[in-house]
Amino acid sequence: QCPALVADPFTAYSEIRERTRLVRANMPGVEPFWMVTRYDDAKLVLSDPRFVVNSANVPGKAETANRIEQYQLANGISPEHVAFSRANLPSLDGADHHRLRGLVSRAFTPRRVARLRPRVEEITARLLDRLPRLAEDGVVDLLRHFATPLPLTVICELVGVPEDERDRFRVAVWEWMAGAAPAGPARDGARRETAFDYVRGLIGRRRVRPEDDLASALIRVHDEDGARLTDSELVWTILTLVVAGYETTMHFISNGIVALLTHPAQLARLRDDPDLMPRAVEELLRWCDPVLGGHFRYATEDVEIGGETVAKGEAVMPIITGADYDPRVFDDPHRLDLAREGRRDQSHLGFGHGVHFCLGAALARQEAAVAFDGLFRRFPDLALAVEPGELRHGREHLWKFLELPVRLGTE
Ligand code: HEM
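Quick look at the structure, then. Given the structure is predicted, the values throughout are model-derived calculations rather than measurements.

**With respect to unusual backbone geometry**
Residue Asp 137 is not a glycine yet carries a positive backbone phi of 50°. Along the chain, the position of Asp 137 falls in the loop between helix H7 (110–134) and strand S4 (139–141). Phi is positive for Asp 332, which is not a glycine, with a value near 45°. Mapping Asp 332 onto the fold places it in the loop between helix H16 (320–323) and helix H17 (361–378). Given 8 C-beta atoms within 10 Å, Asp 332 falls into the exposed group.

**Considerations on the site of the ligand**
The local shell around the ligand holds 25 residues, among which Gly 245, Gly 294, Gly 352, Cys 358 and Gly 360 are the closest. Sorting the residues of the shell around the ligand by element identifies helix H13 (231–261) and H17 as the ones contributing at least two each. The leading source of residues in the shell around the ligand is H13, at seven residues. Its residues placed into classes, the shell around the ligand shows 13 nonpolar, ten polar and two charged.

**Here we look at the environment of Leu 261**
Along the chain, Leu 261 turns up in helix H13. Its 17 C-beta neighbours within 10 Å are what place Leu 261 among the partly exposed residues. Spatially, the C-alpha atoms of Leu 261 and Pro 388 are 9.3 Å apart, while their sequence positions differ by 127 residues.

**With respect to the packing of H13 against H17**
In the contact formed by H13 and H17, the axes pass within 10 Å of each other and the chain directions differ by 35°. Pair H13 / H17 crosses with right-handed handedness. On H17, the residues touching Gly 245, Thr 249, Phe 252, Ile 253, Gly 256, Ile 257 and Leu 260 of H13 are Leu 363, Ala 364, Glu 367, Ala 368, Ala 371, Phe 372 and Leu 375. Its residues assigned to classes, the contact of H13 with H17 comprises ten nonpolar, three polar and one charged.

Conventions and cut-offs
- Residues numbered from 1 in each chain as written.
- Predicted model: local features only at pLDDT ≥ 70, side-chain atom pairs only at ≥ 80, totals over all residues.
- Helix = DSSP H or I, 4+ residues; strand = E, 2+ residues; numbered from the N terminus.
- Buried ≥ 20, exposed ≤ 12 C-beta atoms within 10 Å, placed from the backbone.
- Near = placed C-beta within 6 Å.
- Nonpolar A, V, L, I, M, F, W, Y, C, P; charged D, E, K, R; others polar.
- Axes fitted to C-alpha atoms, helices over the stretch in contact; angles between N-to-C directions.
- Left-handed = near helix turned anticlockwise from the far one by under 90°.
- Contact = placed C-beta atoms within 7 Å.

Scope: geometric values only; no functional claims are made or implied.
In structure tokens:
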């Protein structure tokens, strides 16, 4: 990877954006692809029906997609994982995507998210209560002890994973997200439980005894007449929500905390005017979104962008970080301004745009607002325990810190 992109993608993508609209990228193990970094171009790629998310839906490309799947199967990836990669919500196009998204939206409603708020507040308060006890020499890692457990606990609560099973579920999900097949059998010789096994078991139990949770609501959508969720879709949808909603939210909360701690005047403004929180969350999403680029899109026909042609079948990555720092849309884009005003049709692309717009946006916004509010209210003297430049960050597709050491100060 390019060292400048790794060190500071926000500046590096801005430089690329001002040089060219369409840039060719080469990365080891991936076919060469294009990147677009301007706001209008990223929006176009995210929402224009000439682009699809699944390369198998490009006329003439299905054969290549099949070959990749055969290769994965031959290399030990489980058949269920391969099938999941092809058929989960973010990887579907057209009518298939429309049908599944419509069904999931019937269970994952704004009302369900709003009703969850008191529980999000309770979970946040409980995690904050523990922090002073976890501090060593006055320092505690907020990524490990706050930003990570919060979204996982919330998603478990939403889906309906009981409290005493959450550790088991977390291990299965981590192994799966890390791409690791369960390492060998469990101690008693039985096959180790995968995330798929766990969710299938949970669904079996909720089918017998429904509760007021998303798993039970999805089962109802599955069982209703007409266009139904299939058994596999039921399992895969729950896992998709967990995977899509966990790492992104945890790193957004952690990035947001760093942003506020390193901009004390902005933080003071937020403290003076708590009603600013919804706008502050939007600005933080624009300014320190962990998602640097959206999923690849594939051109189903030749598409011209900025005088160059993305040929049919070629991949384009919409660089969200480039788009959200585009001065054509955001004045002085490198400045963090929690009260930033903008045109409604030019909001940030942190949650994507178009038919794949983030399904969990309302939940993520709510979690972040509760987290920032709770943390800075409880610990008014909170401060980074190291210089901002010393915070270690990850080198993958997400802009993320690997640890977040802070001094809590007095409560
Ligand atoms: C889609 C970002 C939290 C579930 C997306 C997309 C983005 C995104 C950029 C669109 C990707 C594309 O079009 O290529 C984020 C960020 C989050 C967050 C920055 C946290 C700050 C969540 C949460 C959930 C969730 C909490 C669920 C509980 C989904 C799903 C999709 C999605 C299911 C796919 C929607 C579809 O394809 O129709 N997210 N997300 N996300 N997100 Fe989120």
